[in-house]
Amino acid sequence: MKEKKQLDKMEKIISLSKRRGFVFQGSEIYGGMGGTYSYGPLGVELKNNIKQLWWKKFVQDRTNIVGIDGPILLHPKLWVVSGHAEGFGDAMVDCKECKKRFRADHLVEDAIGKDLEGKIEEMTKIIKEEKIKCPNCGKVNWTDVKEFNMMFKTQMNGVEGDIFLRPETAGAIFIEFKNVMDSTRQKLPFGIAQIGKAFRNEIVAGNFIFRLREFEQMEIEYLIRPQENWEPIFDNWLNLQEEFAMELGAKKEDLRRLEHPREKLSHYSKKTIDIEYKFPFGFKELYGLAHRGDFDLTQHTEFSNEKLEYFDQETGERFIPHIIEPTFGVERSLLLALLSAYTEEEVEGEIRVVLKFPNKLAPIKIAFLPLSKKDELTEPTKKLFDKFKEKFICQYDETQSIGKRYRRQDEVGTPYCVTFDFDSLGDNSVTVRDRDTMKQERVKIEDLEIYLNEKFHSNE
Ligand code: GAP
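Residues numbered from 1 in each chain as written. Predicted model: local features only at pLDDT ≥ 70, side-chain atom pairs only at ≥ 80, totals over all residues. Heavy atoms only, no water.

**Looking at the site of the ligand**
Contacts to the ligand come from 19 residues, most closely from E168, R200, E219, E285 and L286. The contact in question runs from an oxygen atom of the ligand to an N or O atom on the side chain of Q217, over 3.0 Å. Measuring from a nitrogen atom of the ligand, one finds a side-chain N or O atom of R332 at 3.5 Å. In the complex, 92% of the free accessible area of the ligand, which totals 560 Å², lies under the protein chains. Of all the elements in the fold, those that place two or more residues in the shell around the ligand are β10 (214–224), β13 (282–293) and β16 (322–329). With 5 residues, the single largest contributor to the shell around the ligand is β13. (Near = heavy atom within 4 Å. Polar contact = N/O pair within 3.5 Å; in protein donor to acceptor, adjacent residues only side chain to side chain. Areas by Shrake-Rupley, 256 points an atom, 1.4 Å probe, with all protein chains shown as cover. Helix = DSSP H or I, 4+ residues; strand = E, 2+ residues; numbered from the N terminus.)

Now the structure itself:
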């Protein structure tokens, strides 16, 4: 029952996202493209707010992390050297009857409750022995399980070999390590951060914007000395990642840590912990933290023309640093923000839908609403809008009744509505309505800026 309620919530969020311009299915007018989405006028603001919050927290507010913006198209050698060309895949299996493709490890796990990721032959055997039914057509007629590389292939004029759309943003950071170090003179420990697109040809995309084929990552490669006691640094990053999730609205009890067992570690990792969030479809990976050791910089040093070493000016030592990598998905953050904010409340016998975003995330901060469409009210309201739009993302709205306009702003999470009414003409005051409490306060127009500034700062 509780599970069904959660899934209903997801349906409601998907519907609200489309109706109010947060998220649209990609290429919908041509029948849609699985695992791709467009972000509408409010979705793009929300996404930008998430990225800005991250960039401020992890780059601008810190003295030892700097940012880059590397290309999506990277040299073909990079993906061979990083191991992705060989080993960046999932196990797939096709139903011979309905031709649908599935993640073999997911089918097996659903059937026997055991995760056999990476064990191709064992999975083929179990699917046959257990006579697992196709979730789509219900028949039992499978191909053998095969490895499927998830990188998208393309070509580039003047470059030989396959070019891949990057499946993670990290690659560009490793190969710019020396440029960043030489241009910033950072001392260890320091980090390089990047936000950008990544592409994975997922066998099965789904759960709205949870598993996508085109998405964005926010990643940091945090460089430390090889002999450094890395465990406290690793733990601190886990705390910071959870802290960020909570700044987006997650409750502590909806987050948990899942350590990858040794046999499931990525080819580069010494230790990996997933931070999972309780999505309506269960606890699933939200963010990840991996100790990548010196794998990447050693590989690139061996196969490129550059020694990716750190030179310690005090001791005269040269060495390859080790890397701890906190990684965050932008769309999973956005889904978390929508899920945490979505609230239904009964008000005077009707259901009020409110997105209770933290102020920093709200796509529109203040809505300016004249009580009627008469020029004597619209003109001064527009003037207020023009003044406040310099500082906040604002909206001006004069259509429909004031009650409907409040509900519309509640539904997209606008923290404050400012209404200019007929009394405003006489008392030079406006009504400020609080989204969460619905309380209304009369504020002098000359005090409005200080009043709203205080409201936004006290909520930071
Ligand atoms: N550089 C390490 C790395 O890419 P990952 O766990 O494969 O690690 C990092 O991905 C994060 O990217 C995940 O924690 C998740 O938030 C996001 N992510 C991964 N695959 C995704 C997909 N198919 N759709 C949406 N987000 C995804």
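**Points about the nonpolar core**
Counting residues in each nonpolar core, the largest one holds 63 residues, and the members touching the most others are F22, W54, W237, F244, L335 and F357. Membership of the second largest hydrophobic core comes to 19 residues, among which are L384, V418, F420 and Y451. (Core = buried A, V, L, I, M, F, W, Y, C linked by side-chain atoms within 4.5 Å. Buried < 20%, exposed > 50% of the residue type's maximum accessible area, 1.4 Å probe, protein only.)

**Focus: the domain arrangement of the protein chain**
Domain annotation of the protein chain identifies domain 1 (2–75 + 163–337), domain 2 (89–149) and domain 3 (364–458). Placing the centre of domain 2 and that of domain 3 at their C-alpha centroids yields a distance of 56 Å. (Domains from an automatic or database assignment.)

**Brief notes about a nonpolar patch on the surface**
Where nonpolar side chains cluster on the molecular surface, the patch consists of L371, F422 and L425 and spans about 250 Å² of accessible area. Note that L371 resides in the loop between β19 (366–370) and α12 (375–388). Assessed through its relative accessible area of 36%, L371 is described here as partly exposed. (Patch = residues over 30% accessible without salt bridge, like charges linked within 9 Å, V, L, I, M, F, W, Y side chains within 5 Å. Salt bridge = Lys/Arg side-chain N within 4 Å of Asp/Glu carboxyl O.)

**Considerations on the packing of aromatic side chains**
Counting across every chain of the model gives 23 aromatic pairs. Taken together, a centroid distance of 6.3 Å and an interplanar angle of 35 degrees make the contact between W54 and W55 tilted. W55 gets classed as partly exposed once you look at its relative accessible area, which sits at 24%. Judged by centre distance (5.7 Å) and plane angle (40 degrees), the ring pair of F58 and W237 falls under tilted. Of this pair, F58 sits in helix α2 (residues 41–60) while W237 sits in helix α9 (residues 230–247), and the two are 179 residues apart along the sequence. Per residue, the accessibility class of F58 equals that of W237, and both read buried. Aromatic ring contacts, followed pair by pair, group W54, W55, F58, Y222, W237, F244, Y287 and F328 into a single cluster. (Phe/Tyr/Trp six-rings, centres within 6.5 Å; stacked < 30°, edge-to-face > 60°.)

**Describing helix α15 (residues 448–458)**
All buried positions along α15 are accounted for by L448, Y451, L452, N453 and F456. Buried residues along α15 sit against β19, α12, β21 (416–420), β22 (429–434) and β23 (440–444). (Contact = heavy atoms within 4.5 Å.)

**Some remarks on the pairing of β19**
Of all 5 residues that make up β19, 5 are buried, and the element is covered over most of its length. In terms of strand pairing, β19 meets strand β20 (residues 394–396) through 3 bridges, oriented parallel. Bridge pairing in β20 places F368 opposite Y396. For the crossover from β19 across α12 to β20, the handedness is right-handed. (Pairing = 2+ DSSP bridges. Right-handed = clockwise from strand over helix to strand, strands pointing away.)

**As for the pattern of salt bridges**
A complete count under the given rule lists 38 salt bridges for this structure. A salt bridge links E325 to R292; the shortest N-O distance between them is 2.8 Å. With E325 in strand β16 and R292 in strand β13, this residue pair connects regions lying 33 residues apart in the sequence. Side by side, E325 and R292 carry an identical accessibility label, which is buried. One continuous salt-bridge network, built from bridges that share partners, spans E345, R352, K356, R407, D410 and R433.

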